[in-house]
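Below are the chains, spelled out letter by letter.
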Amino acid sequence: KQGMFKNPSFLFDIVCTVVWLLLAVRYARKGFLASSVQLGGNVFSLVGARVFSGWAAAEVFQRFLAGSFRTQIAESISAGGVVDLTGIADKYAGFLPESFRASIVETCERSISAVLSDNAVVLADAIVQKVLAPLLTPVISVVLFFVAFALLRMLVSMLVTVLGLVNRLPVIGIVNRWLGWVTGCVASTMDIYLVLCVVWAVIVITGGNLTVLNDTVMSSSLYYKAFNLFNPFL
């Protein structure tokens, strides 16, 4: 038993279960209508944020980052005359897991070699699009996902506050509260799912270098295993 409680993934599962129960009670007290809107809002926010982030990430990279990267890399190539894809990946995306960087670099080395004879600007653009874009766009997508989700949830919460007044109606109120437990349990599950999204993002961005928060430790978590079956980023 002591080993069980010293296992970070086991403790994580316990915390998730306690939080799930507390959230379910909280949603149930709001009543069926309010918790249903919350549930629908959570699903809408999750799907909407994922669709938006997937589209916007590429736009953000091309509009705000690609030009600067292209200029810097072209200047570096012109000055040194050497193309070090691994070094470029380390410089601009060094916070990502080494295995991920290496896989992108290895995939792009052949296609990049085809333009080595071109000028520095053309070569720099090829490096930006074939090396840096695949490395950084997923990270931008994750950040935009959480920002968009937070904004959408804020709008949903405002609507839930208004619908919470329905619980005061005498006849509808009783049914409303009982059915609230059903939707409350589902809505709290969505909240735990979002927490697992955050955990996954932290593990990816830190390259699994955290002592208690990495794929090796979390692979024993029942919640994390279930999340990986429905990971919206993969």
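Residue numbers restart at each chain and count upward from 1, following the sequence in its written direction. Reporting of local features is limited, given that this is a predicted model, to residues whose pLDDT is at least 70; pairs of side-chain atoms are given and counted only at 80 or more, and all residues count toward the totals for whole chains, interfaces and linings. Hydrogens and water molecules were not included; the side-chain quantities draw on all heavy atoms of the structure.

## Concerning the nonpolar core
We define a nonpolar core as any set of buried Ala, Val, Leu, Ile, Met, Phe, Trp, Tyr and Cys residues linked to one another through side-chain atoms lying within 4.5 Å. Note on classification: 1.4 Å probe, protein chains only; a residue is buried when its accessible area is under 20% of the maximum for its type, exposed when over 50%, partly exposed between these limits. Ranked by size, the top nonpolar core spans 30 residues in total, and within it F61, I73, I127, V131 and L132 carry the most contacts. A run of H or I in DSSP counts as a helix once it spans at least four residues, and a run of E counts as a strand once it spans at least two, with each numbered from the N terminus. Put simply, the parts of the chain that give this core at least two residues each are helix 3 (32-80), helix 4 (85-93), helix 5 (98-113) and helix 6 (120-163). The leading source of residues in this core is helix 6, at 13 residues. Note on contacts: a residue pair qualifies if any of its non-hydrogen atoms lie within 4.5 Å across the two residues. Apart from residues lying up to four places away in sequence, I73 is in contact with I88, Y92, A124, I127, V128 and L132. In terms of nonpolar packing, the next biggest core, distinct from the first, is built from 27 residues, V142, W200, M218 and F233 among them.

## Some remarks on the packing of aromatic side chains
Stacked, tilted and edge-to-face pairs are distinguished by plane angle, under 30 degrees for stacked and over 60 for edge-to-face with tilted covering the rest, among Phe, Tyr and Trp rings (Trp via its six-membered ring) whose centres lie within 6.5 Å. Counted under the stated rule, the structure contains 10 aromatic pairs. Centre to centre, the rings of F145 and F233 are 5.0 Å apart; their planes meet at 85°, and the pair counts as edge-to-face. Here F233 lies in the segment after helix 9 (222-229) and F145 lies in helix 6, a separation of 88 residues in the sequence. Under the relative-accessibility criterion, F233 is labelled buried at 14%. Considering the side-chain rings of F146 and F233, the 6.5 Å spacing of their centres and the 45° angle between planes classify their relative orientation as tilted. Within this pair, whereas F146 is found in helix 6, its partner F233 is found in the segment after helix 9, the two being separated by 87 residues in sequence. An aromatic cluster of at least three residues, connected via ring pairs, comprises F145, F146, F149, W200 and F233.

## Details of the environment of F227
You can see F227 is positioned in helix 9. A C-alpha to C-alpha distance of 8.1 Å links F227 and C197, two positions 30 residues apart in sequence. Setting aside chain neighbours within four positions, we find F227 in contact with Y193, L196, C197, W200 and P232.

## Some remarks on helix 4
Regarding helix 4, the residues found buried are L85, I88, A89, Y92 and A93. All buried residues of helix 4 lie within an arc of 100° about the axis, which places them on one face of the element. The reported arc concerns the directions from the helix axis to the C-beta atoms and nothing else.

## Notes on the confidence of the model for the protein
Confidence of the prediction at every residue is given by pLDDT, a number between 0 and 100. On average, residues of the protein score 84 in pLDDT, and 88% of them reach the 70 mark or higher. Ranking the elements of the protein by mean pLDDT puts helix 1 (residues 2-6) last with 51 and helix 9 first with 93.

## Brief notes about the environment of S141
Mapped onto the secondary structure, S141 falls in helix 6. Overall, the relative accessible area of 9% leaves S141 in the buried class. Once the C-alpha coordinates of S141 and V51 are considered, the two residues, 90 residues apart in sequence, prove to be 9.7 Å apart. If we ignore the near neighbours within four places in the chain, the residues touching S141 are R50, S53, G54 and A57. In the analysis that follows, any N or O atom pair within 3.5 Å is treated as a polar contact, provided that within protein one partner can donate a hydrogen and the other can accept it, and provided that, for residues neighboring in sequence, both atoms belong to side chains. One polar contact links S141 to R50, side chain to side chain, over a distance of 3.4 Å.

## What about the side chain of S221?
If you trace the backbone, S221 turns up in the loop between helix 8 (215-218) and helix 9. A polar contact is formed between the side chain of S221 and the backbone nitrogen of Y224, at a distance of 3.2 Å.

## Comments concerning the pattern of salt bridges
For this analysis, a salt bridge means a side-chain nitrogen from Lys or Arg found within 4 Å of a carboxyl oxygen belonging to Asp or Glu. This model, assessed by the stated rule, comprises four salt bridges. E59 is paired through a salt bridge with R63; the nearest N and O atoms lie 3.1 Å apart. You can see E59 and its partner R63 sitting in helix 3, four residues apart, about one turn around the helix. For E59, a relative accessible area of 31% gives the class partly exposed. Note that D125 is salt-bridged to R70, the shortest N-O span being 2.8 Å. Of this pair, D125 sits in helix 6 while R70 sits in helix 3, and the two are 55 residues apart along the sequence. Take D125: its relative accessible area is 29%, and that puts it in the partly exposed class.

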